[in-house]
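Below, each chain spelled out in residue letters.
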Amino acid sequence: MKRTWKFLRFELKKYLWTLIVLVAVCTIPYIAELSTMELSYVYNHYQTGALTMVLRSSQIGLSLFALGALCYLSPALVYSFKMSKRGIDGYYSLPLKKEKLYLVKTLVGLLLVLVPFTVMYWGGFLALVFRAENPYDMFWYLPAYFGSALLGVCLFGLNAFLFTRGNTVADGFVFMIAYIPLFLMLYEYATAAFDLRGRASYETFITFGGLIEFGNAMHDLIVRYENVTFSPLTFVVMPILGAVGYALLFALLPYEKGENAEQLSDSWFGYKILIPVYTAFLLALNMNAFDIIGFCGIAVAAIVATVVYQRKFKFHLKWWGMIGGALALGLFLGMFIP
Amino acid sequence: MIEIKNVTKGYEDKKEVLKNVNLKIEDSCVFGLVGINGAGKSTLLRLIAGVLQTEAGQVCIDGENVWENERRKSEIFFLPDDPFYASGVTARSLADMYRAVYDFKEKTFQTYLEKFKLNEKAPIRNFSKGMKRQVFVALALAIAPKYLLLDEAFDGLDPLARLVFKRALVELVEEKGATVIISSHSLRELEDVCDSYGILDHGVITCAGELERDLGRVHKFQAAFEKEVSPEMLGFPCMSFHRTGRVVQILARGNAEELTAKLKMLEPLFVEEIEVDFEELFIGEVEARGYLQ
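Residues numbered from 1 in each chain as written. Chains lettered and ligands numbered in written order. Predicted model: local features only at pLDDT ≥ 70, side-chain atom pairs only at ≥ 80, totals over all residues.

Engineer: Can you help me understand the overall build of chain B in this one?
Structural biologist: Of the regular secondary structure elements, chain B holds ten helices and 14 strands. Once the C-alpha set of chain B is aligned to its principal axes, its extents read approximately 70 × 45 × 35 Å. Burial statistics for chain B: of 293 residues in total, 39% are counted as buried. Look at the contacts in chain B between residues 6 or more apart in sequence, and 70% of them connect residues 24 or more apart. (Helix = DSSP H or I, 4+ residues; strand = E, 2+ residues; numbered from the N terminus. Buried ≥ 20, exposed ≤ 12 C-beta atoms within 10 Å, placed from the backbone. Contact = placed C-beta atoms within 7 Å.)

Engineer: Could you clarify how one ought to interpret the overall build of chain A in this entry?
Structural biologist: Counting secondary structure elements, chain A contains 13 helices and two strands. Across its three principal directions, the C-alpha atoms of chain A cover 70 × 60 × 30 Å. Counting every position in chain A, which comprises 338 residues, the buried fraction comes to 36%. Of the contacts formed within chain A by residues at least 6 apart in sequence, a portion of 79% connects residues at least 24 apart.

Engineer: Teacher, can you tell me more about the domain arrangement of chain B here?
Structural biologist: Reports of interface size often rely on the accessible area that becomes lost once the parts have come together. Residue and element names in this part refer to chain B. Domain assignment breaks chain B into domain 1 (2–202) and domain 2 (214–288). Between the C-alpha centres of domain 1 and domain 2 there is a distance of 36 Å. Counting residues per element, the ones that place at least two in the side of domain 1 that touches domain 2 are α7 (187–193) and β9 (196–201). Tallying contributions element by element places α7 first for the side of domain 1 that touches domain 2, with four residues. The residue makeup of the side of domain 1 that touches domain 2, split by class, is five nonpolar, no polar and three charged. (Domains from an automatic or database assignment. Nonpolar A, V, L, I, M, F, W, Y, C, P; charged D, E, K, R; others polar.)

Engineer: Help me understand the pairing of strand β11 (residues 218–224) of chain B in this model?
Structural biologist: For a regular strand, the rule is simple: side chains alternate between the two faces of the sheet. All names here are of chain B. Every second residue of β11 is oriented toward a common face, the buried set being His 219, Phe 221 and Ala 223 and the non-buried set Val 218, Lys 220, Gln 222 and Ala 224. In this sheet, strand β13 (residues 247–253) lies alongside β11 in antiparallel orientation, the contact comprising seven bridges. Along β13, the bridge assignment pairs Gln 222 with Gln 249. Inspection of the sheet shows β11 paired to strand β14 (residues 270–274) by five bridges, in the antiparallel sense. Within the sheet, the bridge partner assigned to Gln 222 lies in β14 and is Glu 272. (Pairing = 2+ DSSP bridges.)

Engineer: Explain the domain arrangement of chain A to me, please; I cannot follow it from the model alone.
Structural biologist: Residues and elements named next belong to chain A. Partitioning chain A into structural domains gives domain 1 (2–263) and domain 2 (270–338). On a C-alpha basis, the centroid separation for the pair domain 1 and domain 2 is 31 Å. Counting residues at the interface gives twelve residues for domain 1 and nine residues for domain 2. The set of elements that each furnish at least two residues to the side of domain 1 that touches domain 2 consists of α7 (169–178) and α8 (182–194).

Engineer: I tried to follow the interface of chain A and chain B on my own but got confused; where do I start?
Structural biologist: Each partner contributes residues to the interface: chain A has 20 residues there, and chain B has 20 residues. Within the residue set of the side of chain A that touches chain B, elements represented by two or more residues are α1 (2–14) and α4 (85–92) of chain A. Tallied by class, the residues present in the side of chain A that touches chain B amount to seven nonpolar, four polar and nine charged.

Engineer: Help me understand the sheet that holds strand β2 (residues 18–25) of chain B in this model?
Structural biologist: The strands making up a sheet are joined through hydrogen bonds of the backbone, oriented either antiparallel or parallel. All names here are of chain B. Pairing is antiparallel across the open sheet formed by four strands, whose spatial order is β2-β1-β4-β5. Looking at the sheet topology across the chains shown, the edges are occupied by β2 and β5 (64–65). Pairing of strand β1 (residues 2–9) with β2 involves five bridges; the strand directions are antiparallel. Each residue of the ladder has a partner; that of Ile 2, found in β2, is Ile 25. Where helix α1 (residues 41–48) meets the sheet, it contacts β1, β2 and β4 (56–61), and its direction lies at approximately 120° from that of β1. (Axes fitted to C-alpha atoms, helices over the stretch in contact; angles between N-to-C directions.)

Engineer: Hey, could you run me through the confidence of the model for chain B in this one?
Structural biologist: All names here are of chain B. In the predicted model, chain B carries a mean pLDDT of 89, and 98% of its residues have values of at least 70. Here helix α10 (residues 278–288) is the element of chain B with the lowest mean pLDDT, 80, and strand β6 (residues 76–79) is the one with the highest, 96. Across the predicted assembly, pTM comes out at 0.89 and ipTM at 0.87. (pLDDT = per-residue confidence, 0-100.)

Engineer: I keep staring at helix α10 (residues 234–251) of chain A and nothing clicks. Help me out?
Structural biologist: An α-helical turn contains 3.6 residues, so any two residues separated by three or four positions project in the same direction. All names here are of chain A. With 18 residues, α10 extends 25 Å between its outermost C-alpha atoms, agreeing within 8% with the 26 Å of an ideal straight helix rising 1.5 Å per residue. All of the buried residues in α10 are Thr 234, Val 237, Met 238, Leu 241, Gly 242, Gly 245 and Leu 249. Taken around the axis of α10, the buried residues stretch over an arc of 125°, which confines them to a single face. Opposite the buried face of α10, at more than 90 degrees from it, the exposed residues are Val 236, Ile 240, Ala 247 and Ala 251. (Expected span 1.5 Å × (residues − 1). Arc of directions from axis to C-beta.)

Structural data, given as structure tokens:
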């Protein structure tokens, strides 16, 4: 354990400059904006002539946007070592079990997310507090911080798992980005096929959607809007996705092969699933406006994605079978959409 | 002692790089691991270092499996042919990393940095290939592990740095009882430091043993004959046979006197034994296996 602590200390020291840069990039423009922006304006009703003070955006969304962006950047910063043969040689030969190595990397990754966000968030809070006229309901900054931080921790966990499914940094990014609308697409299909429209908000099914939904609600409370709506489902879906991400990241470590670095990203959570799922559901969702050009477009996109995956133009017959099967499945699923 | 027991390892694109490899490497020796390109040397070193997991079999140190074994891995330092360093990393920051996980001797590190005239605060990316290698050599010697694994050990090092490194390796083995496994194509360099060796060919250890003893068992003759002589006429199996005009060079195993006697039966104009070095032994072995014909 002593070795793990010492390694954690080293890693923290190693990422210190990165952390300082991230804090500066997030905080300085944010504080500058909050210190100088107009917080409210007087609205003159064109019919009644009544004057009303309207609060401008609290810009809390900017801090949540930064949090979301950090959740995509940080996994690449801390786990990219496993995407190069040299990195694997360097880190896997150290006298540390993989679980401890990845635990240290995960903790550092979380700090790279939470520290810049925290400094930015509370820096912005202070910038507002110290302004002479502050019309906002500042109480909501406290629950907004803890709620956002929790959602950030969850999103980082999911992205950490998705990124590490890639065997190259580019594939890792592709996986994180490809999963953003994946669940929304499945929800879209379910709502269209089974008439579930309106049961949940769309943001709930985007991987970072929880941040948007929660951020919007908190913003509305801060600027004293009435009729604030928020689906508590966000705090169910995101923690589940996050917990699954962390659990799978560590549970699959024994199956993590060092020799896979720089090779094709063959994970079952990567292209193997993404290409057929996207092909089938995009086709199914577009059946209403089905035309041969649309079909060909989706088929070509599936082939291009397979070329990106296989890194060659001439790929094995089974991949053609996968594309064909996905297209057939798409046509079949499309039949259920009224 | 390092024991490699029935180890098999394959990659997806290249099936079975190592096939049922069995090898024992005694403590306190310098072991030379040689083989042609793609023979599986780097894979074997990465398995011993615990970087890769075996598909079948085990890599054990003193009877304990190395895979995910922190205690055993703390006794190993692996210096790959292309060592890892992140952008902006300095010799100092690398030393800090290894200090976190190994028993690191700062004084030794500084000594070798001075010997190699390296600036510990300069980014490694600006160093030449040889200077980068020197940094990692200094790190390896500062860790002074019980088992030092060196892939393409002398690659990029200038003759002076090679000499310093070889001396340090001998010191490590003699004074600290370390075991050094070196994979290299510089067989003449290996011959200077190795006690024992193993030849890896297409994933199989084809030949292993004490270097001095095995060099003593292989004999190289140069002879000239009036008539044309073929390998079949020699009366003994030869590892390699090269003819240039009337002069032939023969590499063979066995008793030197008996081999000379058989050669003399072919009435040579002259016959003489020439000293065999490791490179010739290796080439003879690979030629005997059908390469370079």
